[in-house]
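# Examining the three-dimensional arrangement
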Amino acid sequence: MVFKALVVDIDGTITNHDRSLDLRVAQRFRELRAQVVLSTGNPLCYVHAAAKLIGLGGIVIAENGGVVSTGFDSPSIIADGMEKCEEAYELLSNYFDLEKLDAAYRKTEVVLRRGMDISELRRILEDNNMNVEIIDTGYAVHIKDGKINKGTGLHTVAELLGMDAKDFLAIGDSCNDVEMMREAGLGIAVGNADDDARQAASMITKASFGEGTLEAIEYAVSNGLLE
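A brief report on the enclosed structure follows. (Residues numbered from 1 in each chain as written. Predicted model: local features only at pLDDT ≥ 70, side-chain atom pairs only at ≥ 80, totals over all residues. Heavy atoms only, no water.)

## What about the overall build of the protein?
Definition in use: A helix here means a DSSP run of H or I that spans at least four residues, while a strand means a run of E at least two residues long, and both kinds are numbered starting from the N terminus. Radius of gyration here is computed from C-alpha atoms only, and the compact-globule reference equals 2.2 Å multiplied by the residue count raised to the power 0.38. Each residue gets one of three labels from its accessible area relative to the maximum for its type: buried under 20%, exposed over 50%, partly exposed in between, using a 1.4 Å probe on protein chains only. Two residues form a contact once any of their heavy atoms are found within 4.5 Å. Here the accessible surface of atoms and residues is derived via Shrake-Rupley with a 1.4 Å probe, and residues count as covered only by protein chains that are part of the display. His is not counted, nor are the chain ends; Lys and Arg add positive charge and Asp and Glu add negative charge. One atom stands in for each charge, and that atom is NZ of Lys, CZ of Arg, CG of Asp or CD of Glu.
When its secondary structure is counted, the protein shows eight helices and 11 strands. In terms of overall dimensions, the protein is globule-like: its C-alpha atoms have a radius of gyration of 17 Å, near the 17 Å expected for 227 residues. Across the 227 residues that make up the protein, the buried fraction comes to 55%. Residue pairs at least 24 apart in sequence account for 56% of intrachain contacts in the protein once pairs closer than 6 positions are excluded. As presented, the protein carries roughly 10,200 Å² of accessible surface, and 46% of it is formed by carbon and sulfur atoms. Measuring between centres, the 22 positive side-chain charges of the protein sit 4 Å from its 37 negative side-chain charges.

## Here we look at unusual backbone geometry
A positive phi is found at Asp-102, a non-glycine position, where the angle reads about 55°. By secondary structure assignment, the location of Asp-102 is in the loop between helix H3 (82-92) and strand S6 (110-112). On the accessibility criterion, Asp-102 (34% relative accessible area) is partly exposed. Phi is positive for Asn-129, close to 55°, though the residue is something other than glycine. Along the chain, the position of Asn-129 falls in the loop between helix H4 (118-127) and strand S7 (133-136).

## Structural notes on H4
Heads up, the rule is: The directions considered for the arc run from the helix axis to the C-beta atoms.
Of the residues making up H4, those classed as buried are Ile-118, Leu-121, Ile-124 and Leu-125. Along the axis of H4, the buried residues cluster in a sector spanning 125°; they form a single face. For H4, the exposed residues lying more than 90 degrees away from the buried face are Glu-126 and Asp-127. In the core, the buried residues of H4 are packed alongside H3, S7 and strand S8 (141-144). Phi turns positive, to about 55°, at Asn-129, one or two residues after H4.

## Thoughts on the side chain of Glu-63
Put simply, the rule is: What qualifies as a polar contact is a pair of N or O atoms within 3.5 Å, subject to a donor-acceptor requirement within protein and to the restriction that residues adjacent in sequence count only when both atoms come from side chains.
By secondary structure assignment, the location of Glu-63 is in the loop between strand S3 (59-62) and strand S4 (67-70). One polar contact links the side chain of Glu-63 to the main-chain amide nitrogen of Lys-107, over a distance of 2.9 Å. Among the polar contacts made by the side chain of Glu-63, one reaches the side chain of Thr-108 at a distance of 2.7 Å. The contacts of Glu-63, once residues within four sequence positions are left out, are Thr-40, Gly-41, Asn-42, Pro-43, Tyr-105, Arg-106, Lys-107, Thr-108 and Glu-109.

## So, the environment of Ser-222
Structurally, the position occupied by Ser-222 is in helix H8 (residues 209-222). Sequence-wise, Ser-222 and Val-60 are 162 residues apart; in three dimensions their C-alpha atoms are separated by 26 Å. Polar contacts involving the side chain of Ser-222 include one to the main-chain carbonyl oxygen of Glu-218, which spans 2.8 Å.

## Brief notes about helix H5 (residues 150-160)
Every buried residue belonging to H5 is among Lys-150, Gly-151, Gly-153, Leu-154, Val-157 and Ala-158, and all of these are buried. Buried residues of H5, viewed axially, fall in a sector of 155°; they line one side. Here the buried face of H5 lies against strand S1 (5-8), strand S2 (35-38), S3, S4, strand S9 (168-172) and helix H6 (178-183).

## Re the sheet that holds S9
As a reminder of what qualifies: Here the rule is simple: two strands pair whenever DSSP picks up at least two bridges between them. Every axis corresponds to a line fitted to the C-alpha atoms, with the helix fit spanning only the stretch in contact, and the corresponding angles, defined between N-to-C directions, vary from 0 to 180 degrees.
What the five strands build is an open sheet, ordered S2-S1-S9-S10-S11; its pairing is parallel. Every interior strand has two partners, whereas the edge strands, S2 and strand S11 (203-204), have only one. As paired elements, strand S10 (residues 186-189) and S11 share two bridges and run parallel to each other. Bridge assignment links Ile-188 to a residue of S11, and that residue is Met-203. In the packing of H8 onto the sheet, contacts are made with S1, S9, S10 and S11, and the angle to S9 comes to roughly 155°.

## Describing the sheet that holds S7
Taking strand neighbours across the sheet as the criterion, the three strands line up as S6-S8-S7 in an open arrangement whose pairing is antiparallel. The strands lining the two open edges of the sheet, one partner per strand, are S6 and S7. Each strand axis lies, on average, 20° off the axis of its neighbour in the sheet, ignoring direction. Bridging between S7 and S8 involves four bridges; their strand directions are antiparallel. Counted as the bridge partner of Asp-136 is Val-141 from S8.

This is how it looks when you write it as structure tokens:
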């Protein structure tokens, strides 16, 4: 099988250890014939800027699947769920001193600076029957709708492109990439991936960060899985 497209996380996956973009990956993306879709927990403005700088199209996945862009100048598909995320934030604020990140740009989730006891956050939400999910990506803590993830975002993007999710090869490094890697035709985790991502992946690269993504792409190309 030859995959028609590549869906790839940003932070920790196509970046270096210091979060700078690995320019070798950006160059390799531009050499591929397959469509490349960026998928991130970051807000839409961030991923659109990254896509433009790399030289990719405007179809991207943002906010862990909550926002899917149909192009740089086109309307975005925005999921419901922000209201209950805000309610969860207000509840948790009674117990913790929380700091929101990117609040002005977020449409479907509330994102917090790291440093809290995640298990305690989850316990409080569960005790209060709050139907949201808490994930810690290693970069920030996200309060999100449990029904929305990068996997659901991938299905939306695939439909927009006239494809199936199984037509995609997925590369990621974190717990928020799990559903994306499972829904794709093949999921590859880079060497610095967390335990959740490793368990969801069909392959783990020896190299880490952007170098790991280069290894994954070369593996796919050399084995006729990607053009």
